[in-house]
Amino acid sequence: AEAAAESAVTGESSAISGTCRNNSTWVYDGDGTLTVSCTDAFDGIDLTDSERELLYNVKKVIFESGVAELGSRLQYVCPHYESIELPDTMETVDRYLLIVTGGSTPIVNISDANPYLKVSDGAILSKDGTKLFCCPAENGSDEYTVPDTITEIYADALSHSRYKSVTIPETVKKIGNGALYYCY
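Okay, so let's go over this structure. Because the structure is predicted, anything quoted here is derived from the model rather than measured.

1. Some details on the pattern of salt bridges
1) Next: Summed over the entire model, instances satisfying the criterion amount to 3 salt bridges.
2) Next: A salt bridge links Lys 164 to Asp 142, with the nearest nitrogen and oxygen atoms 3.9 Å apart. Of this pair, Lys 164 sits in the loop between strand S15 (152–153) and strand S16 (165–167) while Asp 142 is found in the loop between strand S13 (131–134) and strand S14 (143–145), placing the two residues 22 residues apart along the sequence.
3) Next: A relative accessible area of 68% places Lys 164 in the exposed class.
4) Next: Relative accessible area serves as the criterion here: at 41%, Asp 142 is assigned to the partly exposed category.
5) Next: Glu 152 is paired through a salt bridge with Lys 174; the nearest N and O atoms lie 3.8 Å apart. A residue pair is termed long-range when its members are at least 10 positions apart, and Glu 152 in strand S15 and Lys 174 in strand S17 (residues 174–175) qualify at 22 residues.

2. Some thoughts on the packing of aromatic side chains
1) Next: Tallied over the entire structure, the rule returns 2 aromatic pairs.
2) Next: Ring geometry for Phe 133 against Tyr 154: centres 4.6 Å apart, planes inclined by 55 degrees, an arrangement best described as tilted. Taken together, the residues Phe 133 in strand S13 and Tyr 154 in the loop between S15 and S16 connect sequence positions 21 residues apart.
3) Next: For Tyr 154, a relative accessible area of 29% gives the class partly exposed.

3. Quick look at the sheet that holds strand S9 (residues 92–93)
1) Next: Strand order in the open sheet formed by 3 strands is S5-S7-S9, with parallel pairing between adjacent strands. Single-partner strands in this sheet number two, and they are strand S5 (41–42) and S9.
2) Next: Bridge count between strand S7 (residues 69–70) and S9: 2 bridges; the pairing is parallel. Looking at S9, one finds that Glu 69 is bridged to Thr 92.

4. Some remarks on the sheet that holds S15
1) Next: The 5 strands lie next to each other as S11-S12-S13-S15-S17, forming an open sheet whose pairing is mixed. The open sheet terminates on both sides in strands that have one partner only, identified here as strand S11 (117–120) and S17.

5. Description of the nonpolar core
1) Next: If you look at the biggest cluster of nonpolar residues, it comprises 32 residues, and the most contacted ones within it are Phe 63 and Leu 86.
2) Next: Elements with a contribution of two residues or more to this core: strand S3 (25–28), strand S4 (33–37), helix H1 (49–55), strand S6 (60–63), helix H2 (74–77), strand S8 (83–86), strand S10 (107–110) and S13.
3) Next: With sequence-adjacent residues up to four places away left out, Leu 86 is seen in contact with Phe 63, Leu 70, Val 93, Leu 97, Val 108, Asn 109, Ile 110, Ser 111 and Ile 124.
4) Next: Grouped together as the second largest cluster of nonpolar side chains are 13 residues, Leu 132, Cys 135, Val 146 and Leu 158 included.

So, how was this worked out
- Residues numbered from 1 in each chain as written.
- Predicted model: local features only at pLDDT ≥ 70, side-chain atom pairs only at ≥ 80, totals over all residues.
- Heavy atoms only, no water.
- Salt bridge = Lys/Arg side-chain N within 4 Å of Asp/Glu carboxyl O.
- Helix = DSSP H or I, 4+ residues; strand = E, 2+ residues; numbered from the N terminus.
- Buried < 20%, exposed > 50% of the residue type's maximum accessible area, 1.4 Å probe, protein only.
- Phe/Tyr/Trp six-rings, centres within 6.5 Å; stacked < 30°, edge-to-face > 60°.
- Pairing = 2+ DSSP bridges.
- Core = buried A, V, L, I, M, F, W, Y, C linked by side-chain atoms within 4.5 Å.
- Contact = heavy atoms within 4.5 Å.

The structure is reproduced here in structure tokens:
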């Protein structure tokens, strides 16, 4: 990875870039935005300690067109991101995408041109609205109602959420393992 500017310890802006696994590249602008570019799956970034310290401050993550799959490692790279932009090529996302160690649920924006995914009330669904991939850990209420267009809830889709009550409509025919794991 290449580094430019000052140390994160000083609190001054630092821009860095590097390569990820799967021949992906990433750029941190030093002002809170991480941009990732690749042609397949994003499965994390191998970082030095100083790079990890800088990326701890990421607030916005942008995946450029070409990224098709988002693995489970984003939270480890950027534990406090507040928003994420997913491109038209994103086909699937990790079930833990909406669980951020910083505590609040990130805002997800998906390209309108994406033929695979959409956001509905903070949850990530298949474009046709029949599959629930992941749900926000909180929505300002103790309750969550799965939309009645859903026929399949993916594994861990609601896991680690803060809902005391989840309503699942009769339209749901398949529920993946751990879909409600650690709901509290």
